[in-house]
Amino acid sequence: MTNHLAAASTPKSHYQLLDGLRGVAALMVVIFHVFEAYSPDHPLTQPINHGYLAVDFFFLLSGFVIAYAYDDRWGQLSVWDFCKRRLIRLQPMVIMGMTVGALLFYLQAGDAFPLIEKTSVIKVIGMMLIGYTLLPILPSMDIRGWNEMHPLDGPAWSLFFEYIANILYALVLRRLSIRVLSLLVFLAACLLVEVAVFGKGGDVIGGWSINAPQLHIGFGRMLFPFMAGMLLMRLGKTVRIPGAFAVCSALLIGVFCVPRIGGAGHLWMNGAFEAACIIIVFPIIVAIGAGAGEQGGFSSRLARFFGNLSYPLYITHYPLIYIYTQWAGSHHPTVAQGVGYGILLLIAATTLAYACLKLYDEPVRVWLAKRFLGKRMRVPPGEAVGDTP
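This one's a predicted model, so the numbers in the text were calculated from it and none came from an experiment. (Residues numbered from 1 in each chain as written. Predicted model: local features only at pLDDT ≥ 70, side-chain atom pairs only at ≥ 80, totals over all residues. Heavy atoms only, no water.)

**What about the confidence of the model for the chain?**
Mean pLDDT for the chain: 91, with 91% of residues reaching 70 or above. Taken as a whole, residues 1–9 scores under 50 in pLDDT and shows 16 contacts with residues more than four places along the chain or in a different chain. Here residues 379–389 is a poorly scored stretch, pLDDT under 50, and it has 48 contacts once near neighbours within four places are set aside; other chains count. (pLDDT = per-residue confidence, 0-100. Contact = heavy atoms within 4.5 Å.)

Next up, the structure:
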């Protein structure tokens, strides 16, 4: 294997706290989706009202860590080398998420998903194979009734935008000076404010369908946090405080749990809150997390565990949520009546994610790295910290 690949493989120090925060956010996404089953069409009343902002936090982490991992390696790294690394990091679990979605598809049939009973096995297999590529499907090809670009595994929409962000980084963004990148970050912030404050919903909810309004939201959600993460890394601005992991976790959970602001009469107020969280609060959290550096002890082990689990949990939990959503829609339980089932779902999703991580994702990535990068890969690789959507 060529020397430039070996040089580019040199591991860097590990942002352990950012790993842990990624895990905290992934757990909150699952809990958010459990509660969402009780009010799927009423964002004003969802108990964990802003849990979807975890996706925007993931994009910020991704921009920060990808810039950290690769900015100084392009003298030894080609665009194709970069793409191979990103595919090895992300694609195995994309395939697993789609497979789980296909296996559980018919268990989700009911009034909540009217198209399932009309969908043939052959079509499900076709959707699964398309999903393996992350190519989005058009609404006319929907097999569920929600117009998702990936109807077997809804959250894969953010992986679609993650890949676009990675391509933009490899072809354009990595070449930009801090001044030009700062200008683009400002313009992307304006786009984000337009989506959040002046959009019809007064929030950033959306991005998962292939139509003009949803793509508008999706690019608005991806461009600012990804480029802002890059800029934050290049500026080197970090914050050191005691108890950083606890403080950052509390800030994240607090943001996700804030009730809807402004109500139906003042939608712009909620949009302003969400824009402020993404533009101001999330970068501060990442700066604190990056400032903590490498640490030892229990908190470090906990952060590493949650960080490793976060991506498999995020990309495999939603087929279980589809089942739970159909059950909640059919039985109309109160939150109190359904909390036990919600806890069981969280346990099942975590167990599934851990099994996928240990029995599939880690060994597959090791094999792929040895086969296509010519090296023995330490799992998780240093450049993978925090870089999942």
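Moving on from the coordinates now.
**A few points about the packing of helix H2 (residues 16–36) against helix H13 (residues 335–373)**
Viewed as axis vectors pointing N to C, H2 and H13 meet at an angle of 145 degrees, and their least axial separation amounts to 10 Å. In the packing of H2 onto H13, the handedness of the crossing is right-handed. On H13, the residues that touch Leu27, Val30, Ile31, Val34 and Phe35 of H2 are Val335, Gly342, Leu345, Leu346 and Thr350. Across the contact of H2 with H13, the residue classes break down as eight nonpolar, two polar and no charged. (Axes fitted to C-alpha atoms, helices over the stretch in contact; angles between N-to-C directions. Helix = DSSP H or I, 4+ residues; strand = E, 2+ residues; numbered from the N terminus. Left-handed = near helix turned anticlockwise from the far one by under 90°. Nonpolar A, V, L, I, M, F, W, Y, C, P; charged D, E, K, R; others polar.)

**Remarks on the nonpolar core**
Within the largest apolar cluster, 117 residues are counted, with the highest numbers of intra-cluster contacts made by Phe256 and Phe282. Here the element with the most residues in this core is helix H3 (residues 54–70); it accounts for 14 residues. In this structure, Phe282 is in contact with Leu53, Asp56, Phe57, Leu60, Leu252, Val255, Phe256 and Cys277, ignoring residues within four places of it in sequence. (Core = buried A, V, L, I, M, F, W, Y, C linked by side-chain atoms within 4.5 Å. Buried < 20%, exposed > 50% of the residue type's maximum accessible area, 1.4 Å probe, protein only.)

**A closer look at unusual backbone geometry**
In terms of backbone geometry, most residues other than glycine have negative phi values and most peptide bonds are trans. One non-glycine residue with positive phi stands out, namely Leu134, at about 70 degrees. Inspection of the secondary structure assignment puts Leu134 in the loop between helix H5 (121–133) and helix H6 (156–171). In this model, Asn147 sits at a positive phi of 60 degrees, which is unusual for a non-glycine residue. With respect to the helices, strands and loops of the structure, Asn147 is situated in the loop between H5 and H6. Look at Asn147 and you get partly exposed, because its relative accessible area is 36%.

**Section: a nonpolar patch on the surface**
A cluster of nonpolar side chains, namely Tyr106, Val121, Ile122, Ile125 and Leu129, defines an oily patch on the protein surface of about 490 Å² accessible area. By the secondary structure assignment, Val121 is in helix H5. (Patch = residues over 30% accessible without salt bridge, like charges linked within 9 Å, V, L, I, M, F, W, Y side chains within 5 Å. Areas by Shrake-Rupley, 256 points an atom, 1.4 Å probe, with all protein chains shown as cover. Salt bridge = Lys/Arg side-chain N within 4 Å of Asp/Glu carboxyl O.)

**Quick word on helix H11 (residues 298–316)**
Here H11 is 19 residues long and its end C-alpha atoms lie 27 Å apart, about the 27 Å a rise of 1.5 Å per residue gives. At Ser310, H11 shows its maximal bend, which comes to roughly 35 degrees, and the proline Pro312 appears one to four places after that position. (Expected span 1.5 Å × (residues − 1). Bend = angle between axes of the 7 residues up to and from the residue.)

**Topic: the packing of aromatic side chains**
A complete count under the given rule lists 23 aromatic pairs for this structure. Relative to Phe161, the ring of Trp157 lies with its centre 5.8 Å away and its plane at 75 degrees, an arrangement referred to as edge-to-face. In this pair, Trp157 and Phe161 both sit in helix H6, four residues apart, roughly one turn of the helix. Connected via pairs of aromatic rings, a cluster forms that spans Trp157, Phe160, Phe161, Trp208 and Phe219. For Arg144, the ring lying beneath its charged end belongs to Tyr322, and the centroid distance is 3.4 Å. Positioned above the aromatic ring of Trp74 is the side chain of Arg174, whose terminal nitrogen or guanidinium carbon lies 3.9 Å from the ring centre. (Phe/Tyr/Trp six-rings, centres within 6.5 Å; stacked < 30°, edge-to-face > 60°. Lys NZ or Arg CZ within 6 Å of the ring centre and 35° of its normal.)

**Description of the side chain of Asn166**
In this fold, Asn166 is placed in helix H6. By relative accessible area, Asn166 is classed as buried at 4%. Filtering out sequence-adjacent residues up to four positions away, Asn166 remains in contact with Ser62, Ile66, Phe82, Arg86, Leu90 and Phe226.

**Looking at the pattern of salt bridges**
Applying the stated criterion across every chain, the model contains nine salt bridges. Note that Glu148 is salt-bridged to Arg144, the shortest N-O span being 3.6 Å. Each member of the pair, Glu148 as well as Arg144, is classed as buried. For Lys358, the salt bridge goes to Glu362, with nearest N and O atoms at 3.3 Å. Here Glu362 and Lys358 lie together in helix H13, a separation of four residues that amounts to about one turn. We classify Glu362 as buried; its relative accessible area is 12%.

**A closer look at the packing of helix H4 (residues 79–103) against H13**
For the pair H4 and H13, the least separation of the axes is 10 Å and the interaxial angle reads 145 degrees. As H4 runs across H13, the sense of the crossing is right-handed. Of the residues in H13, those in contact with Lys84, Arg85, Ile88, Arg89, Pro92, Met93, Ile95, Met96 and Val100 of H4 are Leu352, Cys356, Tyr360, Asp361, Val364, Arg365, Leu368, Ala369, Phe372 and Leu373. Per-class residue counts for the contact of H4 with H13 are 14 nonpolar, no polar and five charged.

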